[in-house]
Amino acid sequence: MKLLLKTALYLSLASLPIAIFGVLMLNWFIHKSTLHEIDELLISHFKVVQKRLNEFPPSQFNLLTIDDNPHLAIIPASINIQPYLMDSTEIDLRENHKTAIRVLKGSVVTPKHNFLVTLKQPYEEFEEIAAKLSVGVGLCFLGLLLLMLLLNFMVYRQLWKPFNGIIDKLRVYQINKQSETFFQPEATEEFNLLSQTLQLMIERIGKQFRLQKQFTENASHEIQTPIAVISLELETLLQSDNLPEKEILHIQKSTEALQKISQLNKSLLLLTKIENNQFSEAVAVDMSVLVKGLLNTYQAFAEHRGIVIKKEIQDNQYLLINPYLAEILVGNLLKNAIRYNQKQGEINCILHQNQLIIKNKGEALPFPVEQLFLRFVKHPNHPEATGLGLAIVHQIAEYYGLKLSYQFNEPENEHIFEVKW
Amino acid sequence: MKILLIEDEPSLLASMQSFLEQDGNIVSSVATFHKAIEKVNDYDYDCLVIDITLPDGNGLEIIRELKKRNTSAGIIIVSAKNSLEDRLTGLDLGADDYLTKPFHLSELNARIKSVLRRRLFDGKTKVVFDVISISPDNQQVSVKDEIVELTGKEYELLLFFISNKNRILSKSVIAEHLWGDSMDLADSHDFIYTHIKNLRKKLIEKGCPDYVKTRYGAGYIFSEKL
């Protein structure tokens, strides 16, 4: 959810109860004040009536006033009612339904009679005013809220512009393609802090990265020379006369292990180089020529394993890639297809419409599919493999943005590798 | 043949020198750029093996120097970097071949011989081994004047054997020579066995003695000695 929406939501959520409560409180307050004022009015009225009754006491038969307010009745002198106030209802002739009224009753003793005076004051209209006022205030409040949200929406874009700029920069940030000042100073203090902190961070990371890159490269290069020395020494040793069979075998095993180290070293260096974008020159490589050539190279080897290679290759399939990496990409996939094929198996190599598909028969993977392109994941029956071939394929595909996918066709026992561009 | 080895790692230098001397070559060796330039100025060599990364200079400069004097010597670059740029620059400058460390002595030996054949005899001279005769310019092999039909790989294998006669060649060395990086070690052992078997068969059919001896599990020796 966007920060803006969240702010709006929280603001609305917080203001809604305040609005409702406020409106109710206001309504209640107006109601109370109205009642208080009406009561005062009634009491003054009562005082006036009391005074008038004492000055001009009406005759017994002339108690009716025109609007029956006050309503007078003669009660026995023994009953003395202190004035009291109460709520009641009365039919409103205009609206023809019961409306709330306030009533004051009290006895007034005059020398002639003891009167019961009943004073009425309808106050429904005041209540209506109160309700309208409350609703009006509530609406004003909501209007204000809406206005604030609207303002927020309008200001938001402008305020967060630098933030979005920083995010855009972060998105394209690549550790190995870094210019000196990646994040510029910002006018807003908070964003400036963010920008400067990020700048410091990427500088630190960049430095670490360069050191590590240098280490990997140096280590790989420096290892090559001692490996070369051991290799030559072993070869010289192998040429000595009269070596017993056992010693020769030891030398042979050492040589092979050494070659594996060397191969691992080369593969890791290759991976590092791809990661570090050290293969810059991409040219349009005609993949059909490349694939045909590689199929030729591996033809004899496949035949030797009793594997039939079927190919469907469309001409002029160009891919923008470093030629050396293209060869490794296709070569590794083909080698894999031969190595993990079943006996008397078959390979289907299809190249058409910017898509290379290599299928080979064979048993299902002994490990989860997600691990297929990871480094050092090997088939348990092939411990001698480096476990880097497909990792390199993956790295190359990723570097050039090629879509690399793998599928296993269970009924056919068929592994399918696909590279799309 | 007179060969100059330029390499800063003393133990590599010693191994290469003794290996090449066994073939009857006259081998000199230097470990620094400056000494190499001196040697190149003072003497003529048939072949130079040059390490690119020297402590006091770039091996590519030595090639430039050599080319200035119009030398006909063969040049093989040796480098710890398997870098395409170095390789291309080296070959552009006029080097004949490029080897990446670690390499096998027998591989170096075969490359030197191949360079020398091309350089000194324009590939016209025949490589003769007992009754086998090879013309490198048209890749033709004959036994007692009878042509033997060999596949490309079998031809390379035979030439490699003859270049390194009387030496043990392990399967991995042979595999690397024939397929380079394109074949992984583990895949290739029985594949090599098949190639060697076929080559042997073809040679024996033409009345050639069986020169290929198996040395236990280690590899093969190509030798006239029985």
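It should be noted that the structure appears before, not after, this text.
Now for a description of the structure that goes with this document. (Residues numbered from 1 in each chain as written. Chains lettered and ligands numbered in written order. Predicted model: local features only at pLDDT ≥ 70, side-chain atom pairs only at ≥ 80, totals over all residues.)

What about the sheet that holds strand β14 (residues 219-222) of chain B?
All names here are of chain B.
So, point 1. Strands sit in the order β12-β14-β13 across an open sheet of 3 strands; the sheet is antiparallel. Looking at which strands have only one partner, the edges of the open sheet turn out to be β12 (168-170) and β13 (212-215). The sheet shows a mean angle of 35° between the axes of neighbouring strands, direction not considered.
So, point 2. Where β12 lies against β14, 3 bridges are found, and the strand directions are antiparallel. If you follow Ile 168 over to β14, its bridge partner there is Ile 221. (Pairing = 2+ DSSP bridges. Helix = DSSP H or I, 4+ residues; strand = E, 2+ residues; numbered from the N terminus. Axes fitted to C-alpha atoms, helices over the stretch in contact; angles between N-to-C directions.)

Observations concerning unusual backbone geometry
So, point 1. The linkage connecting A:Asn69 with the following residue, A:Pro70, adopts the cis geometry, with an omega of 5°.
So, point 2. By the secondary structure assignment, A:Pro70 is in the loop between α1 (3-55) and β1 (71-75).
So, point 3. With omega at -5°, the peptide bond leading from B:Lys101 into B:Pro102 counts as cis.
So, point 4. Looking at the secondary structure, you find B:Pro102 in the loop between β7 (97-100) and α5 (105-121).
So, point 5. Residue A:Asn354 is not a glycine yet carries a positive backbone phi of 55°.
So, point 6. With respect to the secondary-structure elements, A:Asn354 resides in the loop between β8 (346-351) and β9 (355-361).
So, point 7. In this structure, B:Asp130 takes a positive phi of about 50° despite not being glycine.
So, point 8. By secondary structure assignment, the location of B:Asp130 is in the loop between β8 (127-129) and β9 (132-135).
So, point 9. Taking the C-beta count within 10 Å as the criterion, B:Asp130 has 14 such neighbours and is therefore assigned partly exposed. (Buried ≥ 20, exposed ≤ 12 C-beta atoms within 10 Å, placed from the backbone.)

Points about helix α7 (residues 323-339) of chain A
So, point 1. Helix length check: α7(A), at 17 residues, gives a terminal C-alpha distance of 24 Å against a target of 24 Å (1.5 Å per residue), a fit within 8%.
So, point 2. Those residues of α7(A) not exposed but buried are A:Leu325, A:Ala326, A:Ile328, A:Leu329, A:Val330, A:Gly331, A:Asn332, A:Leu333, A:Leu334, A:Asn336 and A:Ala337. (Expected span 1.5 Å × (residues − 1).)

Considering the interface of chain B and chain A
So, point 1. Of the residues lining the interface, 33 residues belong to chain B; the matching set on chain A comes to 34 residues.
So, point 2. Those elements that provide at least two residues to the side of chain B that touches chain A are α1 (10-22), β12 and α8 (185-205) of chain B.
So, point 3. Top contributing element to the side of chain B that touches chain A by residue count: α1(B), with 6 residues.
So, point 4. Residue composition of the side of chain B that touches chain A, by class: 15 nonpolar, 10 polar and 8 charged. (Contact = placed C-beta atoms within 7 Å. Nonpolar A, V, L, I, M, F, W, Y, C, P; charged D, E, K, R; others polar.)

Quick look at the sheet that holds strand β2 (residues 84-92) of chain A
Residues and elements named next belong to chain A.
So, point 1. Reading across the sheet, the 4 strands line up as β1-β4-β3-β2 and stay open at both edges, with antiparallel pairing between neighbours. Every interior strand has two partners, whereas the edge strands, β1 and β2, have only one. In this sheet, neighbouring strand axes are inclined to one another by 30° on average, regardless of whether the strands run parallel or antiparallel.
So, point 2. Taken strand by strand, α1 contacts β2, β3 (97-109) and β4 (114-122), and its axis lies near 40° from that of β3.

Geometry only, nothing functional implied.
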